[in-house]
Every structure is written in structure tokens, then in C-alpha cells.
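Below, each chain spelled out in residue letters.
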Amino acid sequence: MNPRRSPTIRRRRLGAELRRYRDAAGVTIEVVADRLGCSPSKVSRIETGHTSATPRDVKDMLDIYGINGAESDELVQISREARQKGWWHPFSTVLTGAYVGLEAAAKSIRAYEQQVVPGLLQTDRYAIAMIRSARLGDSEQEIEQRVRVRMARQALLIQDDPIDLWVVLDEAVLSRPVGGDEVMRDQLLRLAEMTELPNVTLQILPFAVGAHAGMDGTFAILDFPDAEDPNVVFAENATGGLFLEKTDELRKYNSIFDTIQATALSPEESKNMIVMLAEEPLWKSRPRVSGSI
């Protein structure tokens, strides 16, 4: 399957179209559920893209809405594509939510990160150290699976049709020696290396700017190549994260990103800072206090 036709994004597209047709027909979810012989929650989850629908269910729903012909055939085909397995399916036991599937379909990602290097830019040793510290209940096998899927995701940056990645990193990300000196130095050098890719833009938001627009938390804005697939904001947290799709939410996060990227160091200044820190790390130069390394 073409990665731009990720089953996750197809399921999301299908749900949005079914909801649009239901609204236009003036039919309630309860009526649809009764006609299909299922629960209203199932219909709701199909419309929000959280559950896949069988081609038979889709055809029956469209019959209720009076939709047939080419329009019906197209959505039934989308339902077939939405039920295919993405490359990440073998790792589903360690993945939460739909982020990886949406990421695979994205045209571009704009992200702000406060604490750690984003997964698309991590070295394997940095990823191991970070996951081992953050997920105390994971077994070694689960940690290995998480790292494997994270490394596989990085192909998005170098494939024939790569995504555009624009990341603003808080200076704190560069200041915390995840995995120790050697691991962190290698990670900083990887960041500098990745800035050479024409589709990767990296900026550092220095401590010196003080309070800033992104202080409410980490987020990523995913833009999709097809106009029928609305953009989405992913706000990560310990249990997976929130997907935000409302127009006012998208407008707010676009504004936040525009503000912090304008405040951050330029890409060239940022790369110079990263290279400098790889040789003279901040965690080495700062005076030690109780509990510090």
C-alpha cells in the first residue's frame, strides 16, 4: 500500500464522509444503528475513524442515506483500503492511538518538543535510554519493539516521497544527557546530520527567550496531501495523546507554532549550537547541585 494511502487516514476519510452524508440526509445515529442491527456507539466510532467498517456496512449505511452509483462505489472501495494492515501492525501491542498511521500519511509535520528529541530524529541508543526511563513497566521485549518501530518510522524522512519535517526544540532537550555523555553526544551529532536533509528544518528555542507561546506543552501539527483529509494536531501525553481537529483548535496551534519558530534561533544558528554542544555539553559546564550528575 502506498504510505500516503495509510489505512488510518482512509478510515478517517471514510468516517468523515459517512457523517457528512448522514447529516445531509437528516438521519440520526440511533436510526442507522437500528437499521444495521448494531449499537449507536459503533456507528459513532465508525464516523470518528476509531473503528473500521466492513464494505457491507458502508453499502448499507449509504443505502439509508440514498447514496448510490459512483459515490457509493468509491466509499466502499475506501472501506476495503481502510481494513488493510499498515506496516506497523506487527507492533500494535506497543502502539497506542492512531498517531503512527496518521504520520505515515502526512505530507508535512510541524512539531514543538520540550523534553526529548522527536522519535523521527532519535538514535537507537537514545531511544532505548528514553523509553527505559519513561516506561518503567515495559519488559525488555516491549522496549525492543518500541525502538524497532521508532527506527522504522524514520524511513519517512528519506523515502522517495519524504515528508517535510519542521521541528522546534526547547533548549532543555539539548541540556539533558539522556543515556549519558556518549549517547547524548551521538544524538546531538545525529541532529546536526539530519539538518542537511532538504526536507528537515530544525530550530532551537533558547532559554534566553524566557516565557514563550509554547509553554503549555508539546504538540505536532500534521498536514495531509489531500484536501479531503483535514489537518490534525496531536498533543502527546503519558497515555497516548489527544487528536484535535476543530478549526479553532488548528488555528490556535498554527499560531503557536508560527510564534515560537519566529522566536527561535534560525536553522543555521541552531545547527551551530547543536555542533558546539556536542563538543562542549551544557551538563558538563554547569555547577553541580544536590542530586545532579
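Being a predicted model, the structure only gives us computed values, none of them experimental.

1. Some points on the UniProt feature "domain: HTH cro/C1-type" (unreviewed entry) in the protein
Annotation from UniProt places "domain: HTH cro/C1-type" (unreviewed entry) at residues 18-72. Segment residues 18-72 splits into 71% helix and 0% strand. End C-alpha atoms: 10 Å apart.

2. Side note on the pairing of strand S1 (residues 108-113)
Extensive coverage of S1 is indicated by the burial of 6 of its 6 residues. Neither face of S1 is open: one carries Ser108, Arg110 and Tyr112, the other Ile109, Ala111 and Glu113, and all of them are buried. Sheet analysis places S1 next to strand S2 (residues 164-170), joined by 6 bridges and oriented parallel. Following the sheet pairing, glutamate 113 is matched in S2 by leucine 169. Note: S1 against strand S4 (residues 219-223), 5 bridges, orientation antiparallel.

3. Some points on the environment of proline 177
Residue position: proline 177 is located in the loop between helix H9 (171-175) and helix H10 (181-194). Residues proline 177 and serine 266, spaced 89 residues apart in sequence, show a C-alpha to C-alpha distance of 24 Å.

4. Topic: the nonpolar core
Ranked by internal contacts, the top residues of the largest apolar core, which has 44 residues, are Ile109, Leu191 and Leu222. It is H10 that contributes the most residues to this core, 6 residues altogether. Ignoring sequence-local partners within four residues, the contact set of leucine 222 consists of Tyr99, Leu102, Glu103, Ala106, Ser108, Ile109, Asn231, Val232 and Phe234. Among the nonpolar cores identified, the runner-up in size contains 19 residues, and Leu14, Val27, Ile64 and Ile67 belong to it.

5. Some points on the packing of aromatic side chains
Enumeration according to the criterion identifies 5 aromatic pairs in this entry. Ring centres 4.9 Å apart and planes at 65° place the aromatic pair phenylalanine 219 and tyrosine 253 in the edge-to-face group. Separated by 34 residues along the polypeptide, phenylalanine 219 in strand S4 and tyrosine 253 in helix H11 (residues 247-263) bring together distant segments of the chain. Geometrically, the ring pair formed by phenylalanine 234 and phenylalanine 243 is tilted, given 4.9 Å between the ring centres and 40° between the ring planes. Among the aromatic residues, those joined into a cluster by ring pairs are Tyr99, Phe234 and Phe243. The aromatic ring of tyrosine 21 is capped on one face by arginine 20, whose charged end is 4.7 Å from the ring centroid.

6. A few points about the sheet that holds strand S6 (residues 242-244)
In space, the 6 strands of this open sheet follow the order S3-S2-S1-S4-S5-S6, with mixed pairing throughout. Strands at the two margins of the open sheet, each flanked by one partner only, are strand S3 (200-205) and S6. Averaged over all neighbouring strand pairs, the angle between strand axes comes to 15°, with direction disregarded. On the sheet, H11 packs against S1, S2, S3, S4, strand S5 (232-235) and S6 and is oriented at approximately 110° with respect to S4.

7. Considering the packing of helix H1 (residues 7-25) against helix H4 (residues 55-65)
Their axes nearest at 9 Å, the elements H1 and H4 cross at an angle of 25°. Classified by the interaxial angle, the pair formed by H1 and H4 is roughly parallel. Like other packed secondary-structure pairs, H1 and H4 cross with a definite hand, here left-handed. Two secondary-structure elements touch here, H1 through Leu14, Leu18, Tyr21, Arg22 and Ala25 and H4 through Val58, Met61, Leu62 and Tyr65.

8. Quick notes on helix H8 (residues 140-153)
Between the first and last C-alpha of H8 there are 20 Å, a value that for 14 residues agrees with the 20 Å anticipated at 1.5 Å per step. For H8, the full list of buried residues reads Ile143, Gln145, Arg146, Val147, Val149, Arg150 and Arg153. Packing partners of the buried residues in H8 comprise helix H6 (99-105) and helix H7 (124-134).

9. Thoughts on the domain arrangement of the protein
Domain boundaries in the protein define domain 1 (7-82) and domain 2 (97-285). Averaged C-alpha coordinates put domain 1 and domain 2 at centres separated by 35 Å. Of the residues lining the interface, 4 residues belong to domain 1; the matching set on domain 2 comes to 12 residues. With both chains or domains summed, domain 1 and domain 2 bury close to 700 Å², and 53% of this area falls on carbon and sulfur atoms. On the domain 1 side of the contact with domain 2, Ile9, Arg12 and Arg13 bury the most area, a combined 76% of that side's loss. On inspection of domain 1 and its partner domain 2, the count reaches 3 salt bridges. Across the pair aspartate 226 and arginine 13 runs a salt bridge whose closest N-O atoms are separated by 3.0 Å. At the surface where domain 1 touches domain 2, the tally comes to 5 residue pairs in polar contact (both at pLDDT 80 or more).

10. Focus on the side chain of serine 108
Tracing the backbone through its elements, the reader meets serine 108 in strand S1. A relative accessible area of 13% places serine 108 in the buried class. Beyond its immediate sequence surroundings of up to four residues, serine 108 is in contact with Asp164, Ile221, Leu222 and Asp223.

Calculation rules
- Residues numbered from 1 in each chain as written.
- Predicted model: local features only at pLDDT ≥ 70, side-chain atom pairs only at ≥ 80, totals over all residues.
- Heavy atoms only, no water.
- UniProt positions renumbered as here; feature names shortened; annotations may be inferred.
- Helix = DSSP H or I, 4+ residues; strand = E, 2+ residues; numbered from the N terminus.
- Buried < 20%, exposed > 50% of the residue type's maximum accessible area, 1.4 Å probe, protein only.
- Pairing = 2+ DSSP bridges.
- Core = buried A, V, L, I, M, F, W, Y, C linked by side-chain atoms within 4.5 Å.
- Contact = heavy atoms within 4.5 Å.
- Phe/Tyr/Trp six-rings, centres within 6.5 Å; stacked < 30°, edge-to-face > 60°.
- Lys NZ or Arg CZ within 6 Å of the ring centre and 35° of its normal.
- Axes fitted to C-alpha atoms, helices over the stretch in contact; angles between N-to-C directions.
- Parallel < 35°, antiparallel > 145°, perpendicular 65-115°, else oblique.
- Left-handed = near helix turned anticlockwise from the far one by under 90°.
- Expected span 1.5 Å × (residues − 1).
- Domains from an automatic or database assignment.
- Buried area = accessible area lost by both parts, 1.4 Å probe.
- Salt bridge = Lys/Arg side-chain N within 4 Å of Asp/Glu carboxyl O.
- Polar contact = N/O pair within 3.5 Å; in protein donor to acceptor, adjacent residues only side chain to side chain.

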